[in-house]
Amino acid sequence: MLVALVAALAAAAIVRAGRGWGRARWVALGAFGTALVASAALRWPTEPRPPDAARPRPIARGEYVSSNACRSCHPSEHASWHDSYHRTMTQDATPANVLAPLDGRPLDLDGQSHRFERRGDEIWSKLPDPDVVAEAALRGEIAKDAPAAERRVVLATGSHHEQAYWVAGRRPGELRLFPFVWMVREARWIPRRDAFLQPPDAKPYALRWNSNCIACHATGGRPGHDIDRDAFDTRVVELGIACEACHGPGGEHVRRMQDPVTRYFGRGADEGGDLAIVNPARLDPALSTAVCGQCHAYAYPNDEDDWWTHGYALGFRPGQTLARSRTLFTLGGLGKDEAPRVEAPSESLFWPDGAIRVGGREYNAVIESACHTRGEGKKKLTCLSCHAMHEGDRDDQLAPARLGDAACVGCHEGKETAEHSRHAQGGAGCLDCHMPPTTYALFKPIRSHRIDSPSVAVSLRSGRPNACNLCHLDRSLAWTQGYLERWYGAPHVEVGGDRAELSAIVVDALKGDAAQRVLAAAALGSQRAIAASGRGWQAPVLAELLVDPYAAVRFVAGRSLGAHVTIDYDFLAPPDARESARRAVIERFEREGTRPSPVPDARVVRALLAERDNRAITIAE
């Protein structure tokens, strides 16, 4: 996942009628980055602001100097950052930066037309008035009769998996969302609401860049909301995640380095000197991890009113603790009086055992791992134990010297052996067994960063899949329990019912909640899992997910199905077309002979589907 589409606040909206509404906090889970979204103000300006007025203004140079000031002395680091997806988290919407086609083709949503096109060096959109749409969303409604409006596209967010676009709103400085996103790999437009795991009847949200994205998609972002004028004077050090997001303000460092004596003969910070800059690799492990946690965490601001003015720019600097500025969400803390009121079940954020369920929130998981809590010195797990911001592949930014099991065996000598793993060399390794893909974001499973060992007891208690069954797709929980007892002396656990007899992943796919189903759908198409479990038998199970009520489950199921059969399928096609695709896959496998053993017969499939967990789940990425 990229290390990428992430959020420091709850990916949600604090819904309110203004900041003077009292101290109670309401958090409504949204689905695009951070989201502290103020409700519609009581005043609705009648004319859109010019695009230049809506673009966030740069913070005056001084304390901050921007990444350009780093390039001359640190050319290789600047180049590696410039090539990263962090840099392109948010960009000006120019023809060079926008990945979507600019041909003005009509895009239909709820019977209303949208267009996206180039006009000279500018990008323009035609869409239902986004302010009318936002006002209706705050009432929980879809504005089906909103008048058409033309708005210049000001910013683009994302560049790796998806790209979203923002247009000027009526409020001064406000940026509203164009309701489609461009899928980069698939090269297609889809409605933004279908890009995330959320119920088909989820209420719409009034999203704005100034509050939904600014904390983690810009450097030093300050919303600048003026409550009296109900306007935004939004400021950023830079769009995207730049050098000073991780190294702190560079103004004093640049001034010191202008002295050639200091530059060439001064002692560095690692030698006891003070270069007035932060290097996360030289920080205390907890503080180093917090540098990444400022974005890769679920948290809410300690001072909400100050956040609406300054964001986290004054409350946190690299080298400080996150607790100065924000409070982490935890499963146990959600119900406390001082915590926000969350308008979604806890299952949308955490597995019942407290493990984070949402990709991009790795900090919440790392700090609960024994490798972090019990490690000491260089053996205390930090983000930099595996990741490197200036080397390695830009996709996951994993350090080349610590790929695979390399980061683990430095502390756990001897554990890399086949004797310990009970798998042949080159088979399942440390990450596969102790960091299985049990979080979700951006249409894919992501490795859990709460490092633990496979446990059938945990799977039974929380529903969180264990590593064994995510690879051995054809096996039951009872099968896994037997091996864990024989190989590792795991405490005996009685496994009964369908979990004792049927494939655990098949049960999750047919009977689980939406988050379990989407992870199961991905596992059923995993090449590593197919190598361990065989190919082809997964197709009838995936076929049932082609008609799932959740668009994200259908997307992942359709993609995984391609590992087994070739079929014409569109996850956003009308229901009858999706049902035809489901029947075609099942009939094909029935014609080809006896149903393979991991797939239960039609009667059992129907029974599992009838017991499906239909609780509303929103994975708020």
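Residues numbered from 1 in each chain as written. Predicted model: local features only at pLDDT ≥ 70, side-chain atom pairs only at ≥ 80, totals over all residues. Heavy atoms only, no water.

For the rest of this paragraph, the subject is the overall build of the chain. Regarding its fold elements, the chain presents 27 helices and 22 strands. Partitioning the intrachain contacts of the chain with sequence separation of at least 6 by distance along the chain shows that 66% fall at a separation of at least 24. Taken as a whole, the chain presents about 26300 Å² of accessible surface, with 51% of it coming from carbon and sulfur. (Helix = DSSP H or I, 4+ residues; strand = E, 2+ residues; numbered from the N terminus. Contact = heavy atoms within 4.5 Å. Areas by Shrake-Rupley, 256 points an atom, 1.4 Å probe, with all protein chains shown as cover.)

Time to look at the pattern of salt bridges. In this structure the tally under the stated criterion is 42 salt bridges. Here Asp508 ties to Arg499 by a salt bridge, and the two come within 3.1 Å at their closest N and O atoms. Each member of the salt-bridge network shares a partner with another, and the members are Arg171, Glu174, Arg176, Arg208 and Asp230. (Salt bridge = Lys/Arg side-chain N within 4 Å of Asp/Glu carboxyl O.)

Bringing the layout of surface pockets into the picture now. To find leftover empty space, one rolls a probe the size of a water molecule over the atoms. Space inside the second largest pocket adds up to approximately 800 Å³. Leu109, Asp110, Arg192, Arg193 and Pro204 are, among the 36 residues lining the second largest pocket, the residues nearest its centre. Going through the elements one at a time, strand 6 (112-119), strand 7 (122-128), helix 4 (130-137), strand 10 (175-177) and helix 25 (551-561) are the ones with two or more residues in the lining of the second largest pocket. Per-element accounting of the lining of the second largest pocket gives the leading share, four residues, to helix 4. (1 Å grid on protein atoms, 1.4 Å probe; cavity = no way out; pocket = protein on both sides within 12 Å on 5 of 7 lines; lining within 4 Å. Points joined across faces, edges and corners; volume = space filled by probe spheres on them.)

Across the interface, helix 21 (residues 504-511) lies against helix 22 (residues 514-523) with an axial gap of 7 Å and an inter-helix angle of 130°. Here helix 21 lies oblique to helix 22, going by the angle between them. As for the relative orientation of helix 21 and helix 22, their crossing is left-handed in sense. Where helix 21 abuts helix 22, its residues Ile505, Asp508 and Ala509 lie against Gln516, Arg517 and Ala520. (Axes fitted to C-alpha atoms, helices over the stretch in contact; angles between N-to-C directions. Parallel < 35°, antiparallel > 145°, perpendicular 65-115°, else oblique. Left-handed = near helix turned anticlockwise from the far one by under 90°.)

So, on to the nonpolar core. Trp166, Leu197, Trp209, Tyr440, Phe443 and Leu524 are the most contacted members of the largest nonpolar core, which totals 85 residues. A total of eight residues in this core trace back to one element, the largest contributor, which is helix 22. Apart from the residues lying within four places of it in its own chain, the contact partners of Leu524 are Leu473, Ile505, Ala509, Ile530, Trp537, Gln538, Val541, Leu542, Ser560 and His564. (Core = buried A, V, L, I, M, F, W, Y, C linked by side-chain atoms within 4.5 Å. Buried < 20%, exposed > 50% of the residue type's maximum accessible area, 1.4 Å probe, protein only.)

All right, on to the pairing of strand 22 (residues 444-447) then. The alternating pattern of strand 22 places Lys444 and Ile446 on a buried face, while none of Pro445 and Arg447, on the opposite face, is buried. Between strand 21 (residues 437-441) and strand 22, which pair antiparallel and follow one another directly, the connecting turn spans two residues, one of which, Leu442, has a positive phi of 55°. (Pairing = 2+ DSSP bridges.)

The next thing to look at is helix 27 (residues 602-610). Three or more residues of helix 27 are buried, namely Val604, Val605 and Leu608. In an axial view of helix 27, the angular spread of the buried residues amounts to 105°, which keeps them on one side of the axis. Summarising the geometry of helix 27, the exposed residues directed more than 90 degrees from the buried face are Arg603, Arg606 and Ala610. Against helix 20 (498-501), helix 21 and helix 24 (539-545) lie the buried residues of helix 27. (Arc of directions from axis to C-beta.)

Attention now moves to the packing of aromatic side chains. Using the criterion set out here, one finds 18 aromatic pairs in the structure. Arranged with centres 4.7 Å apart and planes meeting at 50°, the rings of Phe116 and Tyr165 form a pair that is tilted. Here Phe116 is found in strand 6, whereas its partner Tyr165 is found in strand 9 (residues 162-168), with 49 residues between them in sequence. Note on accessibility: Phe116 and Tyr165 belong to one class, buried. (Phe/Tyr/Trp six-rings, centres within 6.5 Å; stacked < 30°, edge-to-face > 60°.)

Here we take up the packing of helix 22 against helix 25. Two elements in contact, helix 22 and helix 25, have axes separated by 8 Å at closest approach and are oriented at 15°. Relative to helix 25, helix 22 is oriented roughly parallel. Seen from above, helix 22 lies across helix 25 with left-handed handedness. Judged by residue contacts, Ala514, Arg517, Val518, Ala521 and Ala522 of helix 22 engage Ala552, Val553, Val556, Ala557 and Ser560 from helix 25.

What follows concerns the pairing of strand 6. Bridge analysis of strand 5 (residues 107-109) against strand 6 gives three bridges, and the strand direction is antiparallel. Of the residues in strand 6, the one forming a bridge with Leu107 is His114. Hairpin connection between strand 5 and strand 6: a loop of two residues separates the two successive antiparallel strands, and Asp110 in this loop has a positive phi of roughly 55°. In sequence, strand 6 turns back onto strand 7 through a hairpin of two residues, with Gly120 there showing a positive phi of about 65°.

Right, let's talk about the environment of Pro280 for a bit. Note on placement: Pro280 falls in the loop between helix 9 (260-265) and helix 10 (285-293). When its relative accessible area of 10% is taken as the criterion, Pro280 is described as buried. Sequence-distant contacts of Pro280, that is, excluding residues within four places in its chain, are made with Cys246, His247, Ser288, Val291 and Leu384.

With that settled, consider a nonpolar patch on the surface. On the surface, Val261, Tyr264 and Phe265 cluster together to form a nonpolar patch covering roughly 420 Å² of accessible area. Structurally, Tyr264 can be placed in helix 9. (Patch = residues over 30% accessible without salt bridge, like charges linked within 9 Å, V, L, I, M, F, W, Y side chains within 5 Å.)

What follows deals with unusual backbone geometry. Despite not being glycine, Leu442 shows a phi value in the positive range, around 55°. Counting through the fold element by element, Leu442 comes out in the loop between strand 21 and strand 22. One non-glycine residue, Phe443, lies in the positive phi region at around 65°. With respect to the helices and strands, Phe443 occurs in the loop between strand 21 and strand 22.

Quick look at the environment of Gly62 now. Locating Gly62 in the fold gives a position in the loop between strand 3 (57-58) and helix 2 (68-71). Remark: the alpha-carbon pair of Gly62 and Arg255, spanning 193 residues in sequence, is separated by 9.9 Å. Here Gly62 is in contact with Gly251 and Arg255, once residues within four sequence places are set aside.

A few words now on the confidence of the model for the chain. Taken as a whole, the chain shows an average pLDDT of 87; of its residues, 88% reach a score of 70 or greater. This model gives residues 1-47 a pLDDT under 50, and the stretch forms 197 contacts once residues within four places in sequence are excluded. (pLDDT = per-residue confidence, 0-100.)

This paragraph deals with the environment of Ile367. Along the polypeptide, Ile367 turns up in the loop between helix 12 (362-366) and helix 13 (370-373). Assessed through its relative accessible area of 25%, Ile367 is described here as partly exposed. For the pair formed by Ile367 and Thr289, sequence separation is 78 residues and the distance between their alpha carbons is 8.5 Å. Dropping the residues within four chain positions of it, Ile367 is found in contact with Leu328, His372 and Thr373.

Let us now look at the state of the cysteines. Summed over all chains, the structure comprises zero disulfides. Cys383 takes part in no disulfide bond, and the closest cysteine sulfur to it belongs to Cys292, at a distance of 3.7 Å. With no disulfide of its own, Cys430 lies closest to Cys408 among cysteine sulfurs, the gap being 4.2 Å. With a relative accessible area of 12%, Cys430 lands in the buried category. (Disulfide = S-S within 2.5 Å.)

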